[in-house]
Amino acid sequence: MIQSINNKKIKEYAKLIQKKERDKTNLFLVEGEHMVKEAYNANALQELFILEEIECPIQFNYETVTQQVLNKLSNQNSNSKMIGVCNKLNLKPEKEENILLLDHVQDPGNVGTILRTAHSFGIDCIYMSKGCADIYNPKTIQSSQGALFYIPVIQTDLKEEIKLLQKRNIEVYATALHDKHKDLQDIKPSEKYAILVGNEGQGVRKELIDISDHIVKIEMETFESLNVAIATSICMYTFKYAKGAVTDKEVSA
C-alpha cells in the first residue's frame, strides 16, 4: 500500500492536474467509480489507485492507497475513493454527417456538458478551436460523465474546417443574435449539417458567422441569450428531431 504523498509515482501523477503536464505525457486522471469504469471500457485505463478497504469494480490490477494519497491526486473538494491514470484518446470519426463546432468555449464545465449531450443526441464528432477549454481538464471530464471516451473531439482551425465541410455539402448553422437569423423552430436541416456555437461572452466570431450557410437564433420570451451548454443542447435536440433522426425505440424510451 502506498501511504506517502511523497511517493515518486504519486508526485509525478499529481502533476497531471496541470494542462502542460497532460500535454507532455499524454496522460490524464479520472476520479470515481463511474469514470474509472468508462475509462476501463474504453481501454484507456493505464493505472488505478483505490482507497484501502474499497472493492475494485473492474478486473484490473490496482494499488491500494491512503485517503491522503488520493487527495494528493484529486482535483475535487470531497474525498475520492478511486483515481485512474489514463492514456489520452485518439478517436477517429466513423462518419461525419452531424457535426458540432465549438468556437472559443472556455468554461470546462460547459465543454464537458456539451460533450455529454452531443454524445446523447448522436453527434458524430466535435471540432473545436484552440481557444476552447481542454477536454482533459478535471472539470471537463467530470461534466462529460464519460462521453469523451466515445465521441471524437478534434482541435483545428474552424475557419478552414468550415470551408472543408461546405465542399462536402455539409451546411453550417451558426448560432447568433443577428438581423439575418432564422428562428430555430423554423429550421429544416439537411441530412448533413454542422452546428456552430461560440464563446460564453462574445458568441461566435464574426468571421465564422460570415462564412456560415445559415444563422440561427433560439427564440425566447425574456432574456436574449442562454448558457452556451444549454443553448447547444436545445439546438442539437431540435436538429435531431427536425431531420427525423429519432427512432421509435428512442421515443418509447
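Residues numbered from 1 in each chain as written. Predicted model: local features only at pLDDT ≥ 70, side-chain atom pairs only at ≥ 80, totals over all residues. Heavy atoms only, no water.

Asks: So what exactly am I meant to see when it comes to the sheet that holds strand 2 (residues 45–51) here?
Replies: Strands belonging to one sheet form pairs held by backbone hydrogen bonds; the direction of such a pair is parallel or antiparallel. Across the sheet, which stays open at both edges, the four strands sit in the order 1-4-2-3 with mixed pairing between neighbours. Lying at the two open borders of the sheet, with one neighbouring strand each, are strand 1 (27–31) and strand 3 (63–65). Between one strand axis and the next, the sheet turns by 25° as a mean value, whatever way the strands run. Pairing of strand 2 with strand 4 (residues 82–87) involves five bridges; the strand directions are antiparallel. Paired with L48 across the bridge in strand 4 is G84. (Pairing = 2+ DSSP bridges. Helix = DSSP H or I, 4+ residues; strand = E, 2+ residues; numbered from the N terminus. Axes fitted to C-alpha atoms, helices over the stretch in contact; angles between N-to-C directions.)

Asks: How do you make sense of the sheet that holds strand 11 (residues 214–217) when you look at a structure like this?
Replies: Spatially, the seven strands line up as an open sheet ordered 7-6-5-10-8-11-9, and their pairing is parallel. Strand pairing shows two members of the sheet lacking a second neighbour, strand 7 (153–155) and strand 9 (182–183), which therefore form its edges. Across five bridges, strand 5 (residues 98–102) lies against strand 10 (residues 193–197) in parallel orientation. Paired with I99 across the strands is A194, a residue of strand 10. Where helix 7 (residues 158–167) meets the sheet, it contacts strand 5, strand 6 (125–128), strand 8 (171–175) and strand 10, and its direction lies at approximately 160° from that of strand 5. (Contact = heavy atoms within 4.5 Å.)

Asks: What is the right way to look at a nonpolar patch on the surface in this model?
Replies: Taken together, L226, I230 and I234 make up a surface patch of nonpolar side chains, about 230 Å² in accessible area. Note on placement: I234 falls in helix 9 (residues 228–242). (Patch = residues over 30% accessible without salt bridge, like charges linked within 9 Å, V, L, I, M, F, W, Y side chains within 5 Å. Areas by Shrake-Rupley, 256 points an atom, 1.4 Å probe, with all protein chains shown as cover. Salt bridge = Lys/Arg side-chain N within 4 Å of Asp/Glu carboxyl O.)

Asks: Mind showing me how you'd approach the packing of helix 5 (residues 108–120) against helix 9 here?
Replies: Contact geometry for helix 5 and helix 9: axes closest at 9 Å, N-to-C directions at 15°. With respect to each other, helix 5 and helix 9 are oriented roughly parallel. Between helix 5 and helix 9 lies a crossing of right-handed hand. On helix 9, the residues that touch N110, T113, I114, T117 and A118 of helix 5 are V228, A229, T232, S233 and M236. (Parallel < 35°, antiparallel > 145°, perpendicular 65-115°, else oblique. Left-handed = near helix turned anticlockwise from the far one by under 90°.)

Asks: Any chance you could explain helix 9 here in plain terms?
Replies: Since there are 3.6 residues in each turn of an α-helix, residues three or four apart along the chain are aligned in direction. Taking 1.5 Å of rise per residue, 15 residues should cover 21 Å, and helix 9 covers 21 Å from first to last C-alpha, within 8% of that figure. Inspection of helix 9 places V228, A229, A231, T232, S233, C235, M236, F239 and K240 among the buried residues, and these make up the whole buried set. (Expected span 1.5 Å × (residues − 1). Buried < 20%, exposed > 50% of the residue type's maximum accessible area, 1.4 Å probe, protein only.)

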